[in-house]
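Here's the letter readout for the chains.
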Amino acid sequence: MVKDASSSSIKKKRKATNAEADSEIDIYKKVIEFEDKESTNRQGSIDANLYFELCQDIRNLLTEVFELKQTDPSSKKLRDIQTEIFIKMCFIKKLNRTDKIRHVFGKETLATEKQKCDSIKLNYQNLVYELHHLVTETSKCLAFKSKDEDIELVPFEEFMKEAPESLTKKFLDYDANDRVQKHSLRLARLEWELTQRKNLAHLCKSLVEEQKKLGQDLVERKDKLNALRPLLMNIINSTKPLQEHLDISLKEMRVEHKLAYLLPDPLYIFYVNVVSYKNVNDLNLEVEIIGDQDDAVQWKESAQEGHFLKDDESDEQDQEVAEVEEVVEVKKRRHRKSIQQVDPMEEKKNKLLEIHPLKVEITASLPDGPSLTIIFSYQTRLKIITVTSNATLPTKMTGNCAKDVLMGDNILCELIDGDTGFESPNPITKYQIKKVGVTSFQSLIPHIGYAYHWAQKICGMDFLSKQMNCDEVGSTNVENVMKILFKRLESRTDLANQLQLLEQNILPKLPKSAECPPTSACSMTKWSCITYQKYCQKEFTRAFVEEDLVCPNDLFYSLLLTRANASLEALIVIKNNYPQSLPLFSLCMKFNGVHFAENNDEVRDMERLLNVEISEKISSVLTVQIARLRSYFDVYLETTDSKAFPQTMTFIRPTCARNRKRPFKFRNMGNGIFTQY
Amino acid sequence: MLNKDFYSTILAQVISPCGNYLVTGDTSGKLSVFHLSKITQSDVVLSKEDLLPKYKIIVKEGFQINSLLTTPQFLIVGVVGEIFGYNWKSIRTTNPQRNKPDWSIDIPNRKNTLDTMDINVINYDTINNHIFVGCGDTIYVFDLERRKLLKNLSKHVDCVNCLSNSETDLISGADDGVVNIWDLRSYKVTNKIVPHLSEPVARTELGKWIGAVSANEDYVLCGGGPRLSLWHYRFLTYSTVFPMDDKGIHVAEIYKEKILAGGRSRLFYQMSFIGDVISEIPVSAATIYSIVHQEEPHNVSCLAGSSPKVDVCSSFMYKNQQLSLY
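Keep in mind it's a predicted model, so treat the numbers as computed, not measured.

**Student:** Is there a simple way to explain the overall build of chain B in this structure?
**Tutor:** Looking only at helices and strands, chain B features two helices and 28 strands. Taking 326 residues into account, the globule formula puts the C-alpha radius of gyration at 20 Å, and chain B, at 19 Å, falls close to it. Taken along its principal axes, the extent of the C-alpha atoms in chain B is 50 × 45 × 40 Å. Taking all 326 residues of chain B together, the buried fraction comes to 59%.

What follows is the structure, given as structure tokens:
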């Protein structure tokens, strides 16, 4: 460092001397140039080796000096050695100098290389920016969308067929891969679309005008027709005296017949049959056609039009057109939907469940009993008859249970065995309702009514069905159904009368033929309706439920008999075809424990006597059964514990045989006696 | 529709001498014949038809069949006041629809009155070819060959329910609560047991009637309204009162050093002499009225009672099959 500083000072000095003498400068420059050259030409490693050699030499010389000074301080050789050392020193100095120069040179070259490098990097950066910019620009271009893409154009084939040749001839050899051509095709099609739309708009305008015109025409004609009506009325009125004179009241008949003519075919068949049946047999049966005549006329007309349309559609091509039309319709509807927000499924469903405006209503009534009104409607889409019904009860009927069994739906349920009306008899219906998102026909019943099989049959409709029974077919003509209906109505009324009394805990009057004692020591304490679920929950009804003897459509009641601290609960199932099927009793006695058929033979025997041993199928069979149950209960208690229950019934022996049979059988001898056989 | 047989009660059963048929008699007066051979094969899958009776014979409409007995030649049916005999051959071979009894015996003085008596039990004396008939409060002894009444044994005051006989003795149980032990040589009552007078045996709420008796050389087994109990033959004192959960005993038997017993109970019991329960079989009937068993040719036992079902076991451990009347 010191040497550096000194050398630089020397340089400065030299520079200072530059100005003084040019000649000197020249030498100096030369020297410098020479040195530069020298330093570049020489190799650093060689210099370093040279330097190490020199140092070693100096060291050797110095030791020599030291030895000489020890031995012979005044030797002449000493001086030579000194010079030699100095020369070597000079050499070292020279080496140092060249090294310095070389170092400076290296630094300079490094600086220039660095600069080069920087400029290249800058260039590169610029290029990257440019690339990025270009990429964003291209993506922007790619993302570009024009409004024309939203416009629905006529298909290419149609365009080629229909557009003028001036537009299409360019594209006769259209190649979908040629972009330019594709673009120009698009332009052409757009242009064509525009012209077409303009034309259509014109057409629409003219049609609207025409419609308006026609409307006016219609109004005019209607006015004329209206003016005609009073004239016609006048004529009819003026014929009245003549009619009266001839004793024919054509008018009502005519109205009915006119309506009948408008009935859909199935209802017409039924109407004709039922009216003739009624006229032949003097019955409390009223038949009426209800519904608006005008609607019916309109419906008939539209149906006929529909027929013509259908005829046309037989052509396949036309069918396609119709489909296209439908598509257009759907589109329009969607458009409307967005405004009105109507569920298309709901709309479809309503359309499917369309009924004919005319219905047939029959009213069957019993003298001072209830009357049952049944309305038959025709489902025009489902092609089945549905039935709704309503019963008018006499005012004296007040009990809940009694009212229940006279409800229209209840009376008609299983009029013919197994015919619940829950399933559509038409096998197609299943798929039709599935299409509109309804899973079961049963869920539609509140809207449209029950689809009883017998109703289809009396309307002359026949479907492929799972079970086809000769009996069933035979009993489905109008006469039989009406007979069954009246019989059902009668038996239901009888049942309702019995229930009415039972609800007030009074045993209805027994028929004379009934073999049971008229009085009983036990009392009826409760009679109530129960549900199927509740029925199934009881332990002592399990056997019946397992044997499938009861179904949810049946009627369920609970009866409680009591005597002192003993009680007998009876759950009673009344089938819809009562009294053809006996009411089914399940008993549960509470007396010194809980007894029922599965753990007590006597209760089992009582159930047997009630459920299978009664043969008379009369309408008051329920009363008979209850009266007998009362006597069985008495006999059981009196034969079991004669101390707690003093004997009121007469029997010979309390038990008999190995199964310790109780004397449940009543014999009408004297005051009545109970025996085992 | 509810089947009438839903409520049938089987009061008696018998297995044919050949061991292949089971005959049940129910309260509707019907004999039902089942084939045992197929049912007892363990490796065969049985269809529903196999478990139904092969045919039915109506003995007397409206009167229940109270008792059945088999002799090598005849099936003897006790109805009400009348005994019918069917030849086993005719039951097995002829058209069952026209099956008529080969002979019948009327119980004297009992027929066609209001007080007609059930023939609750018929027992067979193999040595003398006699039958003992428990009907009403009397035991009738008939010679089977000539079908002639030999003797009336009337010491009971109420209906005889059950009989058990050995070579020399006849044991009877009745509704009056007395178990009489008769000497068959003299037809005299030599001893009697009155279970309802013993405190731990009596059940006053169920009554004093005796529903079942059985005996071997050392013991008499009896039960009914009173609890099932085992009595010493000689000392006439009870040795064991059995711990059963029941509301009346109708079936009890000493069988191979075990006690089998059933009645109004959901279980059928197999017990040891000292009263340990060996097995309990849940049964389908509310009350068991009849049990029959055999070892050859098929090892089978059948339990029947107030149910249209007959429970079939191959041992007295658990139920293997269930026959049904309908």
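Resuming the write-up.
**Student:** Would you mind going over the overall build of chain A with me for this structure?
**Tutor:** Broken down by element type, chain A carries 23 helices and 11 strands. Taken over 677 residues, chain A has a buried fraction of 36%. Across chain A, contacts joining residues at least 24 apart in sequence account for 64% of those joining residues at least 6 apart. Accessible area for chain A stands at about 43500 Å²; split by element, carbon and sulfur atoms hold 55% of it.

**Student:** Would you mind going over the sheet that holds strand 2 (residues 21–26) of chain B with me for this structure?
**Tutor:** Sheet strands associate in pairs through backbone hydrogen bonding, adopting either a parallel or an antiparallel arrangement. Residue and element names in this part refer to chain B. Taken together, the four strands give an open sheet; going across it, the order is 1-2-3-4, and neighbouring strands pair in antiparallel fashion. The open sheet terminates on both sides in strands that have one partner only, identified here as strand 1 (10–15) and strand 4 (55–58). Between one strand and the next, the sheet's axes are offset by a mean angle of 20°, whatever the strand orientation. One ladder, built from five bridges, connects strand 2 with strand 3 (residues 30–35); its direction is antiparallel. Its bridge partner being in strand 3, L22 is matched across the sheet by F34.

**Student:** Sorry, what's going on with the packing of aromatic side chains here?
**Tutor:** All told, the structure shown has 20 aromatic pairs over all chains when counted by the stated rule. A ring pair is formed by F666(A) and F674(A), whose centres lie 5.2 Å apart and whose planes are at 65°; its orientation type is edge-to-face. When sorted by exposure, F666(A) lands in the same class as F674(A), which is buried. Through a chain of ring-to-ring contacts, the aromatic side chains of F270(A), F376(A), F422(A), Y450(A), Y452(A) and W454(A) assemble into a single cluster. Seen from the ring of Y261(A), K300(A) lies directly overhead, with NZ or CZ sitting 4.3 Å from the centre. It is K60(B) that lies over the ring of F63(B); its NZ or CZ is 4.7 Å from the centre.

**Student:** Can you walk me through the interface of chain A and chain B in this structure?
**Tutor:** How big an interface is tends to be stated in terms of the accessible area lost upon association of its parts. In this complex, chain A contributes 32 residues to the contact, which on the side of chain B involves 35 residues. Summed over both sides, the interface of chain A with chain B buries roughly 2900 Å², with 52% coming from carbon and sulfur. Taken together, chain A and chain B are joined by four salt bridges. Salt-bridge contacts for D175(B) lead to R660(A); the nearest nitrogen and oxygen are separated by 3.2 Å. The residue inventory of the side of chain A that touches chain B, partitioned by class, reads 12 nonpolar, seven polar and 13 charged.

**Student:** Would you take a moment to explain the pattern of salt bridges for this structure?
**Tutor:** A side chain with one charge can pair with a side chain of the opposite charge if their charged atoms come near. As enumerated under the stated definition, the model contains 32 salt bridges over all chains in all. Note that D5(B) is salt-bridged to K30(B), the shortest N-O span being 2.9 Å. Note that D5(B) is positioned in the segment before strand 1 and K30(B) in strand 3, a separation of 25 residues in sequence. With respect to class, D5(B) is no different from K30(B); both count as buried. Among the charged side chains, a salt-bridge network with shared partners connects D601(A), E602(A), R662(A) and R264(B).

**Student:** What is the right way to look at the domain arrangement of chain A in this model?
**Tutor:** As far as domains go, chain A holds domain 1 (16–138), domain 2 (253–496) and domain 3 (505–675). Just the C-alpha atoms count here: the centres of domain 1 of chain A and domain 3 of chain A sit 136 Å apart.

**Student:** Quick question: what am I supposed to make of a nonpolar patch on the surface here?
**Tutor:** Residues L225(A), L228(A), L231(A), L232(A) and I235(A) make up a contiguous nonpolar surface patch of roughly 490 Å² in combined accessible area. With a relative accessible area of 42%, L228(A) lands in the partly exposed category.

**Student:** What is the right way to read the packing of helix 9 (residues 265–280) of chain A against helix 19 (residues 478–503) of chain A from this model?
**Tutor:** How two helices pack is summed up by the angle between their axes together with the distance between the axes. Residue and element names in this part refer to chain A. Packing of helix 9 against helix 19 leaves a shortest axis separation of 10 Å and a crossing angle of 65°. You can see that helix 9 and helix 19 cross each other, and the crossing is right-handed. Of helix 19, the residues touching helix 9 (which contributes F270, N273, V274 and Y277) are V478, E479, M482 and K483. Looking at side-chain class alone, the contact of helix 9 with helix 19 contains five nonpolar, one polar and two charged residues.

**Student:** Honestly, the environment of E167(B) in this entry has me stumped. Any pointers?
**Tutor:** Checked against the element boundaries, E167(B) lands in the loop between strand 13 (160–165) and strand 14 (169–174). Those residues within four positions of E167(B) in sequence are excluded, and the remaining contacts are I127(B) and L184(B).

**Student:** Teacher, can you tell me more about the side chain of H356(A) here?
**Tutor:** Residues and elements named next belong to chain A. Note that H356 resides in the loop between helix 12 (344–352) and strand 2 (359–365). With relative accessibility at 1%, the residue H356 sits in the buried group. A polar contact is formed between the side chain of H356 and the backbone nitrogen of L358, at a distance of 3.1 Å. The residues touching H356, leaving out its near neighbours within four places in the chain, are L262, L263, P264, W299, Y378 and T380.

What counts, and where the lines are drawn
Residues numbered from 1 in each chain as written. Chains lettered and ligands numbered in written order. Predicted model: local features only at pLDDT ≥ 70, side-chain atom pairs only at ≥ 80, totals over all residues. Heavy atoms only, no water. Helix = DSSP H or I, 4+ residues; strand = E, 2+ residues; numbered from the N terminus. Rg over C-alpha atoms; globule rule 2.2 N^0.38 Å. Buried < 20%, exposed > 50% of the residue type's maximum accessible area, 1.4 Å probe, protein only. Contact = heavy atoms within 4.5 Å. Areas by Shrake-Rupley, 256 points an atom, 1.4 Å probe, with all protein chains shown as cover. Pairing = 2+ DSSP bridges. Axes fitted to C-alpha atoms, helices over the stretch in contact; angles between N-to-C directions. Phe/Tyr/Trp six-rings, centres within 6.5 Å; stacked < 30°, edge-to-face > 60°. Lys NZ or Arg CZ within 6 Å of the ring centre and 35° of its normal. Buried area = accessible area lost by both parts, 1.4 Å probe. Salt bridge = Lys/Arg side-chain N within 4 Å of Asp/Glu carboxyl O. Nonpolar A, V, L, I, M, F, W, Y, C, P; charged D, E, K, R; others polar. Domains from an automatic or database assignment. Patch = residues over 30% accessible without salt bridge, like charges linked within 9 Å, V, L, I, M, F, W, Y side chains within 5 Å. Left-handed = near helix turned anticlockwise from the far one by under 90°. Polar contact = N/O pair within 3.5 Å; in protein donor to acceptor, adjacent residues only side chain to side chain.

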